[in-house]
Amino acid sequence: MASYSKNRILGLFLVVLLLAPITGTASNAGNITAANTFTTSVNSSTENDLFSELSAQMELYNENFDNVPSLVKRLVGSEEIAGIIELNNGEMLYVTLLMNGGEVGDFYRYDTPNDPNSKFGPSITVESDEETIREILDSDDPLRKAVENMNEGSLDVEIEGFFRKTVLWSIQQLYS
């Protein structure tokens, strides 16, 4: 398998963050679809929907987990990351990542803004649109592209906790 630089891994991590915004209140509404993780190619075509592409990125992130800096592993730790993505067709993609020791443990989507499986709500919430997410996925330097989009306002990342906010701020300063 190809070797990935720390910037690429950090960029994929930020993509993981981007996938996650949700308000996190428990609900009984909506269908939940588990990711058919890791069945699409990383260099996907327009035939693949964004959820499938993100599923492939989750596998890539986990496969290259040894290259993820320890600071990033601590940031995502065992967090619930929620994502709200407005698709190009006007529909919304709601996803949740459940992290386990910094690795993606579970990744799924659902039909409503509130994750019906969430017990406590996400500690990291990401909101964006499909065009921004695809820009980041297609970039040669995804981390720098994600930070650029955060600075421009097309990628909104909300984080709970002083430590996690400080780590995100540091990443933004280093890659601006």
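What you are looking at is a predicted structure, and each value in this text was computed from that prediction instead of being measured. (Residues numbered from 1 in each chain as written. Predicted model: local features only at pLDDT ≥ 70, side-chain atom pairs only at ≥ 80, totals over all residues. Heavy atoms only, no water.)

Draft legend 1. Representation of the side chain of Glu-80 within the structure. Structurally, Glu-80 can be placed in strand β2 (residues 80–86). Buried charge without a partner: Glu-80 forms no salt bridge, and the closest opposite charge is Lys-119, 8.7 Å away. Beyond its immediate sequence surroundings of up to four residues, Glu-80 is in contact with Thr-96, Leu-97, Leu-98, Asp-115, Ser-118, Gly-121, Pro-122, Ser-123 and Ile-124. (Helix = DSSP H or I, 4+ residues; strand = E, 2+ residues; numbered from the N terminus. Buried < 20%, exposed > 50% of the residue type's maximum accessible area, 1.4 Å probe, protein only. Lys, Arg positive; Asp, Glu negative; His and termini not counted. Salt bridge = Lys/Arg side-chain N within 4 Å of Asp/Glu carboxyl O. Contact = heavy atoms within 4.5 Å.)

Draft legend 2. Structural detail: the nonpolar core. Ranked by internal contacts, the top residues of the largest apolar core, which has 35 residues, are Leu-50, Leu-54, Tyr-61, Leu-93, Phe-107 and Val-157. In terms of residue count, helix α2 (residues 50–63) provides more of this core than any other element does, five residues in total. With near-sequence residues (within four places) excluded, Val-157 lies in contact with Ile-124, Thr-125, Val-126, Met-150 and Leu-168. (Core = buried A, V, L, I, M, F, W, Y, C linked by side-chain atoms within 4.5 Å.)

Draft legend 3. Spotlight on the packing of helix α5 (residues 142–152) against helix α6 (residues 162–174). In the contact formed by α5 and α6, the axes pass within 9 Å of each other and the chain directions differ by 105 degrees. Overall, the two elements α5 and α6 adopt an arrangement that is roughly perpendicular. Across the interface between the two elements, Leu-143, Arg-144, Val-147, Met-150 and Asn-151 of α5 pack against Leu-168, Ile-171, Gln-172 and Leu-174 of α6. Of the residues belonging to the contact of α5 with α6, the class tally is six nonpolar, two polar and one charged. (Axes fitted to C-alpha atoms, helices over the stretch in contact; angles between N-to-C directions. Parallel < 35°, antiparallel > 145°, perpendicular 65-115°, else oblique. Nonpolar A, V, L, I, M, F, W, Y, C, P; charged D, E, K, R; others polar.)

Draft legend 4. How the structure looks around the packing of aromatic side chains. Summed over the entire model, instances satisfying the criterion amount to four aromatic pairs. Ring centres of Tyr-61 and Phe-65 lie 6.2 Å apart, and the angle between their planes is 70 degrees; on these two criteria the pair is classed as edge-to-face. Among the aromatic residues, ring-to-ring pairing joins Tyr-94, Tyr-108 and Tyr-110 into one connected group. (Phe/Tyr/Trp six-rings, centres within 6.5 Å; stacked < 30°, edge-to-face > 60°.)

Draft legend 5. Spotlight on the side chain of Thr-112. Within the element layout of this structure, Thr-112 appears in the loop between β4 (103–110) and β5 (124–129). In terms of polar contacts, Thr-112 uses its side chain to reach the backbone carbonyl oxygen of Asn-114, at 2.8 Å. (Polar contact = N/O pair within 3.5 Å; in protein donor to acceptor, adjacent residues only side chain to side chain.)

Draft legend 6. Highlighting the packing of α2 against helix α4 (residues 130–138). Remark: α2 packs on α4, axes separated minimally by 12 Å, with the N-to-C direction vectors making an angle of 35 degrees. Viewed along their axes, α2 and α4 form a crossing whose handedness is left-handed. Residues Leu-50, Glu-53, Leu-54 and Gln-57 of α2 pack against Glu-130, Ile-133, Arg-134 and Leu-137 of α4. (Left-handed = near helix turned anticlockwise from the far one by under 90°.)

Draft legend 7. Just α5, in detail. Every buried residue belonging to α5 is among Pro-142, Leu-143, Ala-146, Val-147, Asn-149 and Met-150, and all of these are buried. The buried side chains of α5 occupy one side of the element, clustering within an arc of 160 degrees when seen end-on. Gly-153 sits one or two positions beyond α5 and adopts a positive phi of about 95 degrees. (Arc of directions from axis to C-beta.)

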